[in-house]
Amino acid sequence: MARPPARNTVDDAVVLAGVTSHAAALDRALASLEIRADHARRSALEAGERLTVPPGEATLLFVRAGEITGDIGENLGCSIDAGSGEAATLRGRRTLLAGDALVSLGCQHLALTSQSGAEVTVICVRVARTLLSGALPGVVFVNDFTRAEPAAAALAAHLGQSPRPGDTTICHIMVRTVVLAAIRAWAFADANAAWPPRSEDPFLDRAAAAIVADPGHTWTTDELAGLAAMSRSVFAERFREAFGRSPGGYVTDARVHRAKELLEAGESVSEVSRTLGYASDEGFRRAFRRVTGVAPSRWRASAGPVPIAHG
């Protein structure tokens, strides 16, 4: 039997990282992500009971009833609001209610606790390490997964029940469907997240707007604190609380956002690096790849129309 043609996971990673509005490209990207079910279980947590997800084990968790709070530590996760279609990065603790879902790629240990009791479905999966999986956040929270993906949520609710003949094959298909549906919710919301992010504090927004207006400037915390009419320590603390990142992290985000526009307009990597104030092209490449998951040269090459494959 002839082997199917290899998929271009590099291009698909670029697509998922920034141009997911193209339906055909998203289909190719999701198809390239290899997911296999390991095992699924249904758990009933008492009030105060803890559920742990060890590192190295990719997991999908679906809350059928009650609530559960996840501690995602220092690594960034991504929260999707299915109602508004907005995505935001976050740190620390996050509460999931009935109908919410969580996908962890196993990059870190997760500690989950229910304050009042919960019924959850925990699905352990094996995800092949591809360039596409590298473009995903370590943890994805999907608020109101039941509303965003009702068919997939219904499958998730029934996984982990008493096994029946043929369940191994059927469970594999169901798990793949549920995980890909959660990633699809992330992909669409992340692609359409509003930029620049805003807070409810006009003084912080003044500093943020200055960064966005001139991302190539060598911004210091003291300079930004002056624009916000705050002390350095107060500004740094309030900025992180409002935007979920440090002032330096916001500068990097603003530079990468502008870099995407310049690269898509045809400017070279070196030109963009100089425009945005990087000391070296290599420093720019590292920062860009750390945020987007792909190299700036690859992003530039993907700026044209994405071809639709005809089989």
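Our subject is the structure that appears above.
Source: prediction; values computed, not measured.

## A few points about the overall build of the protein chain
A count of helices and strands for the protein chain gives 13 helices and 10 strands. Counting only residues that meet the buried cut, the protein chain has 44% of its 311 residues in that class. Relative to all contacts within the protein chain whose residues are 6 or more apart in sequence, the contacts with residues 24 or more apart total 76%.

## A few points about the pattern of salt bridges
Summed over the entire model, instances satisfying the criterion amount to six salt bridges. When the shortest N-O distance is used, the salt bridge between arginine 232 and aspartate 222 registers 3.1 Å. With arginine 232 in helix H9 (residues 232-243) and aspartate 222 in helix H8 (residues 221-227), this residue pair connects regions lying 10 residues apart in the sequence. For arginine 245, the salt bridge goes to aspartate 253, with nearest N and O atoms at 2.3 Å. Shared partners join several salt bridges into a network, and the residues in it are Glu282, Arg285 and Arg286.

## As for helix H12 (residues 281-292)
One turn of an α-helix holds 3.6 residues; hence residues three or four places apart share an orientation. With 12 residues, H12 extends 16 Å from end C-alpha to end C-alpha; this agrees with the ideal 16 Å at 1.5 Å per step. Downstream of H12 by one or two residues, glycine 293 has phi in the positive range, about 90°.

## Re the pairing of strand E7 (residues 101-104)
Each regular strand carries side chains that alternate between the two faces of the sheet. Side chains of E7 alternate between two faces, with Ala101 and Val103 and Leu102 and Ser104 buried alike. In terms of strand pairing, E7 meets strand E10 (residues 139-143) through four bridges, oriented antiparallel. Its bridge partner lying in E10, alanine 101 is registered against valine 142.

## Looking at the packing of aromatic side chains
Tallied over the entire structure, the rule returns eight aromatic pairs. Between the aromatic rings of phenylalanine 239 and tyrosine 250, the centroid separation amounts to 5.4 Å while the plane-to-plane angle is 85°, which identifies the pairing as edge-to-face. Pair noted here: phenylalanine 239 is in helix H9 and tyrosine 250 is in helix H10 (residues 247-264), with a separation of 11 residues, a long-range link. Classification of phenylalanine 239 by relative accessible area gives buried; the value is 0%.

## Re helix H7 (residues 202-213)
An ideal rise of 1.5 Å per residue puts 16 Å on 12 residues; H7 measures up with 16 Å between its terminal C-alpha atoms. Leu204, Asp205, Ala207, Ala208, Ala210 and Ile211 are the residues of H7 that are buried. Summarising the contacts, the buried residues of H7 are in contact with H8, H9 and H10. The distance from a side-chain oxygen at the start of H7 to the backbone nitrogen of phenylalanine 203 is 2.8 Å, and the residue carrying that oxygen is aspartate 201.

## With respect to the environment of isoleucine 35
Note that isoleucine 35 resides in strand E1 (residues 35-45). Judged by its relative accessible area of 3%, isoleucine 35 is buried. Between the C-alpha atom of isoleucine 35 and that of valine 179, which follows or precedes it by 144 residues, the distance is 8.2 Å. When neighbours within four sequence positions are excluded, isoleucine 35 is seen to be in contact with Val125, Arg126, Val127, His172, Arg176, Val179 and Leu180.

## Considering the side chain of serine 104
Looking at the secondary structure, you find serine 104 in strand E7. Ignoring anything within four residues of it in the chain, the contact list for serine 104 reads Glu57, Ala58, Thr59, Leu110, Gly138 and Val139.

## Notes on the side chain of arginine 255
You can see arginine 255 is positioned in helix H10. For the buried residue arginine 255, which engages in no salt bridge, the nearest side chain bearing the opposite charge is aspartate 214, 8.0 Å off. There is a polar contact of 3.2 Å between the side chain of arginine 255 and the backbone oxygen of histidine 217. Among the polar contacts listed, one links the side chain of arginine 255 to the backbone oxygen of leucine 276, at a separation of 3.2 Å. In this structure, arginine 255 is in contact with Pro215, Gly216, His217, Thr218, Leu276, Gly277 and Tyr278, ignoring residues within four places of it in sequence.

Thresholds applied
Residues numbered from 1 in each chain as written. Predicted model: local features only at pLDDT ≥ 70, side-chain atom pairs only at ≥ 80, totals over all residues. Heavy atoms only, no water. Helix = DSSP H or I, 4+ residues; strand = E, 2+ residues; numbered from the N terminus. Buried < 20%, exposed > 50% of the residue type's maximum accessible area, 1.4 Å probe, protein only. Contact = heavy atoms within 4.5 Å. Salt bridge = Lys/Arg side-chain N within 4 Å of Asp/Glu carboxyl O. Expected span 1.5 Å × (residues − 1). Pairing = 2+ DSSP bridges. Phe/Tyr/Trp six-rings, centres within 6.5 Å; stacked < 30°, edge-to-face > 60°. Polar contact = N/O pair within 3.5 Å; in protein donor to acceptor, adjacent residues only side chain to side chain. Lys, Arg positive; Asp, Glu negative; His and termini not counted.

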